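Here is what each chain is made of, one letter per residue.
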Amino acid sequence: MPHISSDEVDDAIAVAFQFRIPTVVDNVYQATPLFKILDMEERIIATGGTRIEQPILFDRPPGGSYRGMDTMDITRRKTKSLIQLEWKQYYAAVSIDGLTRLRTSGDRAIIDLVDTELQGAELRIKEDLGRDTFLDGTGNFSKALDGFDIAIATTGSYGGINRAVDPEGAAINGNVDTTGGAITLPAIQTQWGLATFGAAHPKLLCTTQTLFNGVWNRIQPQQRFPQGAVAEELAKIGFNVIMFNGVPLTVDQTCPSGTMYGLNTDFIKLIAHESRADLEVEGPLTPTQQDARTWRMMWMGNLVVQSSRLQFRMTGLT
């Protein structure tokens with residue numbers, strides 16, 4: 001077998017990384033039921049800027065019925081505001097020591113090596129993003145995503161708006177039920193109704209395997225099979241799905257214990273920075289005191305909920 005130089009191995013690893021990264025990106029954006037639906041609905045959006053700003057409506061302009069020469073109110077009224085969120089950054093590092101790198105020869109072996117290392121990095125990013133999606137953004141000294149526990153809330157601030165003080169605060173109040181106890185269909189239906197306005201209603205229900213099992217035991221057999229394009233697509237890639245009010249209820253392994261979320265994905269976006277939406281890869285880097293090569297995959301973005309009142313969150317369920 002001809003000798004492969006160190007430079008040739010490095011070049012082959014770089015090519016393998018370049019070839020495999022698009023698959024990693026696709027897997028990250030299909031890692032959870034929510035991300036999969038946002039991807040299907042083209043609500044994973046790449047953009048730039050110093051921070052993330054998204055508009056919300058919190059009041060209506062003047063108007064109403066009138067007759068003849070009635071005076072009309074044409075006063076300018078503030079009806080829109082901005083949710084302003086900071087960029088949040090995530091990374092996963094891949095390191096290959098010199099001995100492994102130099103003992104690897106042949107294209108197949110190099111591809112297998114890169115695949116193995118990237119699987120671990122991909123899993124790290126998927127778990128971190130998936131977990132933080134459901135939390136309140138205070139994780140790791142507030143470096144984590146501004147997740148649903150702060151976006152779907154009735155107290156505190158979200159996106160620079162204080163729910164208790166600012167005039168637009170009521171517009172970002174979510175529907176939160178902390179009653180807890182055994183999960184029941186009427187309790188879910190109550191929250192569903194509160195998060196519904198006209199034809200707008202939750203399009204995805206996420207929960208844990210335990211609570212999913214509890215709902216499964218209470219519904220009619222015909223509801224236990226995916227129906228519709230979204231539910232069938234989720235089932236196709238391996239997510240457990242049952243139907244509630246015609247929308248998929250599914251298990252998300254990163255969903256906190258005892259919780260269920262009703263999400264209207266029409267008003268949810270995963271904003272990714274245009275430079276890192278497809279995972280920016282930096283490397284190989286050579287540590288000064290180690291015989292190794294390191295690559296870093298980096299993502300930057302945040303989760304945005306534009307209408308908290310069309311979402312619900314239930315906690316303390318068993």
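Residues numbered from 1 in each chain as written. Predicted model: local features only at pLDDT ≥ 70, side-chain atom pairs only at ≥ 80, totals over all residues. Heavy atoms only, no water.

Asker: What is the right way to look at the side chain of His273 in this model?
Answerer: Tracing the backbone shows His273 in strand E12 (residues 268–273). Once residues lying within four places of it in the same chain are set aside, the contact partners of His273 are Thr47, Gly48, Gly49, Trp87, Met300 and Gly301. (Helix = DSSP H or I, 4+ residues; strand = E, 2+ residues; numbered from the N terminus. Contact = heavy atoms within 4.5 Å.)

Asker: It is not clear to me how the packing of helix H2 (residues 33–40) against helix H9 (residues 229–236) should be interpreted in this structure. Could you clarify?
Answerer: To describe two helices that pack against each other, one gives the angle between their axes and the distance between the axes. Here H2 crosses H9 at 125 degrees, and the two axes come no closer than 11 Å. By the angle between their axes, H2 is oblique relative to H9. Of the two possible hands of crossing, H2 and H9 adopt the one that is right-handed. Residues Pro33, Lys36, Ile37 and Met40 of H2 touch H9, and the partners they reach there are Val230, Glu233 and Leu234. Looking at side-chain class alone, the contact of H2 with H9 contains 5 nonpolar, no polar and 2 charged residues. (Axes fitted to C-alpha atoms, helices over the stretch in contact; angles between N-to-C directions. Parallel < 35°, antiparallel > 145°, perpendicular 65-115°, else oblique. Left-handed = near helix turned anticlockwise from the far one by under 90°. Nonpolar A, V, L, I, M, F, W, Y, C, P; charged D, E, K, R; others polar.)

Asker: I would appreciate a short explanation of the sheet that holds strand E7 (residues 175–177) in the present structure.
Answerer: Strand pairs in the sheet, formed through backbone hydrogen bonds, run parallel or antiparallel to each other. Strand order in the open sheet made by the 6 strands is E7-E15-E11-E8-E10-E9, with mixed pairing throughout. One side of each edge strand has no neighbouring strand; the edge strands of this open sheet are E7 and strand E9 (241–244). Ignoring which end each strand starts from, the neighbouring axes of this sheet average 20 degrees apart. Pairing geometry for E9 and strand E10 (residues 247–251), over 4 bridges, is antiparallel. (Pairing = 2+ DSSP bridges.)

Asker: Would you explain the nonpolar core in this entry?
Answerer: Formed by 62 residues in total, the largest nonpolar core has its most connected members in Phe148, Leu263, Met297 and Trp299. It is helix H1 (residues 6–28) that contributes the most residues to this core, 8 residues altogether. Among residues more than four places away in sequence, those in contact with Leu263 are Leu34, Phe148, Ile152, Pro202, Lys203, Leu204, Cys206, Ile268 and Gln311. The next biggest cluster of nonpolar side chains, apart from the first, holds 18 residues, and it includes Trp192, Leu205, Leu211 and Met314. (Core = buried A, V, L, I, M, F, W, Y, C linked by side-chain atoms within 4.5 Å. Buried < 20%, exposed > 50% of the residue type's maximum accessible area, 1.4 Å probe, protein only.)

Asker: How should I be thinking about the pairing of strand E13 (residues 280–285) in this particular structure?
Answerer: Both faces of the sheet carry side chains from a regular strand, because those side chains alternate between them. With 4 bridges joining them, E13 and strand E14 (residues 292–305) adopt antiparallel strand pairing. Residue Glu282 lies in a different strand from E14, and its bridge partner there is Arg296. With antiparallel pairing between neighbouring strands as the criterion, E13 and E14 make up a hairpin whose turn holds 6 residues.

Asker: Whenever I open this one, the side chain of Asp128 confuses me. Can you help?
Answerer: Counting through the fold element by element, Asp128 comes out in helix H4 (residues 107–133). For Asp128, the side chain forms a polar contact with the side chain of Arg131, separated by 3.3 Å. (Polar contact = N/O pair within 3.5 Å; in protein donor to acceptor, adjacent residues only side chain to side chain.)

Asker: What am I meant to see in a negative patch on the surface here?
Answerer: Together, Asp26, Asp39, Glu42 and Asp278 line one region of the surface with negative charge. Tracing the backbone shows Asp39 in helix H2. Looking at Asp39, the relative accessible area reads 34%, which means it is partly exposed. (Patch = residues over 30% accessible without salt bridge, like charges linked within 9 Å, V, L, I, M, F, W, Y side chains within 5 Å. Areas by Shrake-Rupley, 256 points an atom, 1.4 Å probe, with all protein chains shown as cover. Salt bridge = Lys/Arg side-chain N within 4 Å of Asp/Glu carboxyl O. Lys, Arg positive; Asp, Glu negative; His and termini not counted. Charge placed at Lys NZ, Arg CZ, Asp CG, Glu CD.)

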